Amino acid sequence: TQLLEQSPQFLSIQEGENLTVYCNSSSVFSSLQWYRQEPGEGPVLLVTVVTGGEVKKLKRLTFQFGDARKDSSLHITAAQTGDTGLYLCADYSGNTGKLIFGQGTTLQVKP
Amino acid sequence: DTAVSQTPKYLVTQMGNDKSIKCEQNLGHDTMYWYKQDSKKFLKIMFSYNNKELIINETVPNRFSPKSPDKAHLNLHINSLELGDSAVYFCASSQGLADPRGTQYFGPGTRLTVL
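Only a predicted model underlies this, so the values are computations on that prediction, with no experimental measurement involved.

Some points on the interface of chain B and chain A
Contact with chain B, which involves 24 residues of that partner, is made by 23 residues of chain A. Along the contact surface separating chain B from chain A lie one salt bridge. Counting every contact that joins chain B to chain A gives four residue pairs in polar contact (both at pLDDT 80 or more). Going through the elements one at a time, strand 4 (31-37), strand 5 (43-50) and strand 6 (53-57) of chain B are the ones with two or more residues in the side of chain B that touches chain A. In terms of residue count, the dominant contributor to the side of chain B that touches chain A is strand 4 of chain B (three residues).

Thoughts on the pairing of strand 8 (residues 71-76) of chain A
All names here are of chain A. By the bridge criterion, six bridges tie strand 3 (residues 19-25) to strand 8 in an arrangement that is antiparallel. Bridge pairing links V21 to L74 in strand 8. Note that strand 7 (residues 61-65) and strand 8 share five bridges and pair antiparallel. Residue pairing across strands places F63 opposite L74, the latter belonging to strand 8.

With respect to the sheet that holds strand 1 (residues 4-7) of chain A
All names here are of chain A. With antiparallel pairing, five strands are arranged side by side in an open sheet as 1-3-8-7-6. Edge positions in the open sheet fall to strand 1 and strand 6 (55-58), since each of these has one partner strand only. Recorded for the sheet is a direction-independent mean angle of 15° between the axes of neighbouring strands.

Remarks on the side chain of Q104 of chain B
Among the secondary structure elements, Q104 of chain B is positioned in the loop between strand 9 (87-94) and strand 10 (105-106). Residue Q104 of chain B is classed as buried on the basis of its relative accessible area, which comes to 2%. A polar contact of 3.2 Å, which involves the side chain of Q104 of chain B, links it to the backbone oxygen of G97 of chain A. A polar atom in the side chain of Q104 of chain B sits 3.4 Å from the side chain of Y33 of chain B.

Some details on the sheet that holds strand 3 (residues 19-25) of chain B
Residues and elements named next belong to chain B. Pairing within the open sheet is antiparallel, and its four strands lie in the order 1-3-8-7. The open sheet has two free edges, formed respectively by strand 1 (4-7) and strand 7 (64-70), since each of these has just one partner strand. Here the average twist between neighbouring strands, direction ignored, is 20°. Pairing between strand 3 and strand 8 (residues 73-78): four bridges, direction antiparallel. If you follow I21 over to strand 8, its bridge partner there is L76.

Observations concerning the packing of aromatic side chains
For any pair of aromatic rings, the description consists of the separation of the ring centres together with the inter-plane angle of the planes. According to the stated counting rule, one finds nine aromatic pairs over all chains in the structure shown. Between F101 of chain A and F106 of chain B the ring centres are 6.4 Å apart and the planes differ by 70°, which places this aromatic pair in the edge-to-face class. Placement of F101 of chain A in strand 10 (residues 98-101) and of F106 of chain B in strand 10 is noted, with the two residues assigned to different chains. You'll find F101 of chain A and F106 of chain B in the same group, each marked buried. Seen in terms of ring centroids, Y33 of chain B and Y35 of chain B are 6.1 Å apart; in terms of plane orientation they differ by 35°. Their pairing is tilted. Here Y33 of chain B matches Y35 of chain B in class, with each residue buried. Taken together, Y35 and F101 of chain A together with Y33, Y35, F90 and F106 of chain B form an aromatic cluster joined through their ring pairs.

Some details on the environment of V88 of chain B
Residues and elements named next belong to chain B. Of note, V88 is situated in strand 9. For V88, a relative accessible area of 11% puts it in the buried group. On a C-alpha basis, the gap between V88 and M15 in space is 16 Å, while along the polypeptide they are 73 residues apart. Once residues within four sequence positions are removed from consideration, V88 is found in contact with Y35, K36, Q37, G109, T110 and R111.

The rules behind each value
Residues numbered from 1 in each chain as written. Chains lettered and ligands numbered in written order. Predicted model: local features only at pLDDT ≥ 70, side-chain atom pairs only at ≥ 80, totals over all residues. Heavy atoms only, no water. Contact = heavy atoms within 4.5 Å. Salt bridge = Lys/Arg side-chain N within 4 Å of Asp/Glu carboxyl O. Polar contact = N/O pair within 3.5 Å; in protein donor to acceptor, adjacent residues only side chain to side chain. Helix = DSSP H or I, 4+ residues; strand = E, 2+ residues; numbered from the N terminus. Pairing = 2+ DSSP bridges. Axes fitted to C-alpha atoms, helices over the stretch in contact; angles between N-to-C directions. Buried < 20%, exposed > 50% of the residue type's maximum accessible area, 1.4 Å probe, protein only. Phe/Tyr/Trp six-rings, centres within 6.5 Å; stacked < 30°, edge-to-face > 60°.

Structure representation (structure tokens):
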């Protein structure tokens, strides 16, 4: 059974700081997705990465997929209070449509 | 214009009761899912349906029974509720295998509390 480990579990920073969160898998990802979940809401897809070494940018967010396709990082530049939430990585299997999630990183950005 | 909606938002009930959660999507998607998020925020797939056919059925107690009356609806019925069923349940939908990126759209969740 694939296990996804995210670190850190909790992160509390001041507005304007940079941060990186990590996602490591016990086996090669089929494809990797990152989600953000705000309190009281469902997760929202941020990005899907498929190719090893792939880097994607979404405004101040930079997603990197490891060359071996077993790890990923999410870097946020100049964090804002609106970035507060639970960040989840997930392995998406195109054959079954199944998502396996990591346990998440809770980010709090203080003003 | 809610894409994926769930009712109710909150559900508080006694152990042993039977309850249902309803989910509807207006995105025209073929595939719908149920997930459970526990108190530690761990999110796990329970079921998925594609065109009203059960595709994924994880190791979930058979007290949980999904029902899909049509492509736009996937309801979750839970019999003989137990304390450990307390969680947030999310419904989601996607284009399924037609979308290689596998984008899933989640509902707002139903917080179930079993007393």
